[in-house]
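Coordinates in review
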Amino acid sequence: MARLTATVLQAAVAAVVGVVAWQWYQSSARLPPVSGGFVHPAYQPVADLFRKRVEDGTERGGSFAVYHKGEKLVDLWGGYANPHSSLPWQESTLTAMFSTTKGMAALSVAKLVERGLLDYKAEIQKYWPEFAQNNKSNVTLEMLMSHQAGLLSLGGANTILAEYQDDWGKVEKLMAQATTDFPPGSAVAYHGLTFAMYIDAIVRRVDPQHRSLSQFFDEEISKPLDAEFYIGLPLREFYRATFLTAPPAWRMATWMFDSTHRPVLFELFDPNSTLNKMSVVTDFKVPGQVLNNPYSAAVGLGSTNGFGPARSLAKIYDFVANGGSIAGKTLFSKPIVERLMTPLTLTLPSLGSFRLDFSVGLHVLNNSRGAEMFGHPGYGGQMAGAVPKYGVGIAYVTNFLSGKLSIASDHYWELEKVFYECFEKHQADPQTTKTTKTKKKRSKND
């Protein structure tokens, strides 16, 4: 019996070693480096760093873009949109944004507030009477937008992603009947999936045309700014989408057991944790795998299902960073931009293992220079936002997911740091204005 037990144990260990070795091999497999894009001459060091990261295999697939007062300063892409078919990242490539999409949902609400159709201070029941069920009558739009509403889950429903597209009435009913997970306004806790679900229901009610959040954003923000971004990727565009690649298990384990992130590990094993409450809402147990399915990617869920290039996010946030207007074109009035840049949760206790602070829908943080930034990170390393001190919209996206939740990739912070070094030099001595193209580079063997 002891010998049998030892044999089983050895087989199990061998299997684990085999899986780890195979994942290491897959993660280490190298395709010829390829990169491209545009860069203002003053920002060539940014392009040099990006290309270096692609060539040494650090950046396996991603894009970085910066706009300043309507001018494109950086628009770089590199690596592979789909490593399995050796499809390189291209100018037309679209990738999943995960929670970075929430920023676009927040801007949609801001547009309705500006038109007088919504009021941040108003109770949600004013626009949606059924919402008041189960003691939610005091929940304001501002509480929802700043993740203070206590609506982390929908009572254990677990097939909402499919029903969101096919049975909106059921989803709407579940949201109206939901109970709060903590007293609204008493704390801040990340509404990972429910955030834009509630926004969608509100938008459909107050918009005179009763458009969904997805359609409203497309027609009122994305198209007018010529900034291609989809909340729910149309099936006809899926051929341009990246293949999302999760990190191998051994890398996830290394990250999880790092002391900085260890609390997340404990939350995963606590069924009553904030993290698990927000994760039981949909099929998003393995986010990357879900959005590699074209039918799942097409669902207009504004909390996660945004698709586009980095340049579109940078272009949109450029307007926010510059008071709402650029070169005679207006996205928002200055008072609305000021609301978007007013933190609301800094003094509230935070529930969960990671803290995020918010204005009315935008994440509030500092950039690498200590300047305020307003935007939103996303699962796997995505980041996009407006930096008013510098008047720039900035974004980084990747399809090789880091495994971190809503924390920007180290790749983003490295590129951002070099960008600001160049920016400060350029502002002090603005010389060349000609934009140069970074040619695609492949290895000699390609």
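The structure displayed is predicted, hence computed values, not measured ones. (Residues numbered from 1 in each chain as written. Predicted model: local features only at pLDDT ≥ 70, side-chain atom pairs only at ≥ 80, totals over all residues. Heavy atoms only, no water.)

All right, on to helix α2 (residues 44-55) then. Given a rise of 1.5 Å per residue, twelve residues ought to cover 16 Å, and the 16 Å separating the end C-alpha atoms of α2 matches this to within 8%. Phi turns positive one or two residues past the end of α2, at G57, with a value near 85°. (Helix = DSSP H or I, 4+ residues; strand = E, 2+ residues; numbered from the N terminus. Expected span 1.5 Å × (residues − 1).)

Here we take up the packing of aromatic side chains. Within the structure shown, the criterion is met by 15 aromatic pairs. Relative to Y198, the ring of F131 lies with its centre 5.8 Å away and its plane at 90°, an arrangement referred to as edge-to-face. With F131 in the loop between α3 (101-114) and α4 (141-145) and Y198 in helix α7 (residues 194-206), this pair connects stretches of sequence that are 67 residues apart. Under the relative-accessibility criterion, F131 is labelled buried at 0%. (Phe/Tyr/Trp six-rings, centres within 6.5 Å; stacked < 30°, edge-to-face > 60°. Buried < 20%, exposed > 50% of the residue type's maximum accessible area, 1.4 Å probe, protein only.)

This part takes up the environment of Q148. Within the element layout of this structure, Q148 appears in the loop between α4 and α5 (160-166). For Q148, a relative accessible area of 9% gives the class buried. The spacing of Q148 and G185 is 37 residues in sequence and 5.0 Å in space, taken between C-alpha atoms. Excluding residues within four positions of it along the chain, Q148 makes contact with M143, F182, P183, P184, G185, A187, H191, L344, T345 and L348. (Contact = heavy atoms within 4.5 Å.)

If you check α7, its first and last C-alpha atoms are 19 Å apart, about what 13 residues at 1.5 Å a residue would give, namely 18 Å. Judged by how many residues are buried, α7 sits mostly within the fold: eleven of 13 residues are covered. Within the span of α7, buried status applies to T194, F195, A196, M197, Y198, I199, D200, A201, I202, V203 and V206.

Turning our attention to the confidence of the model for the protein. Of the residues in the protein, 78% have a pLDDT of 70 or more, and the chain-wide mean is 86. Low confidence marks residues 16-28, where pLDDT is under 50. Its contacts with residues over four positions away, or in another chain, come to ten contacts. Note on residues 439-446: pLDDT is under 50 here. Beyond four places in sequence and across chains, it has 18 contacts. (pLDDT = per-residue confidence, 0-100.)

By secondary structure assignment, the location of N322 is in the loop between α14 (310-321) and β8 (325-326). Judged by its relative accessible area of 19%, N322 falls in the buried class.

This next bit is on the pairing of strand β14 (residues 392-398). Counting buried positions along β14 gives seven out of seven residues, so the element sits mostly inside the fold. Burial along β14 is two-sided: the residues V392, I394, Y396 and T398 and G393, A395 and V397 are all buried. Note: strand β13 (residues 382-387) against β14, five bridges, orientation antiparallel. By the bridge assignment, G385 is partnered in β14 with I394. A loop of four residues connects β13 with β14, the two strands running antiparallel in sequence, and G391 in this loop sits at a positive phi of about 65°. (Pairing = 2+ DSSP bridges.)

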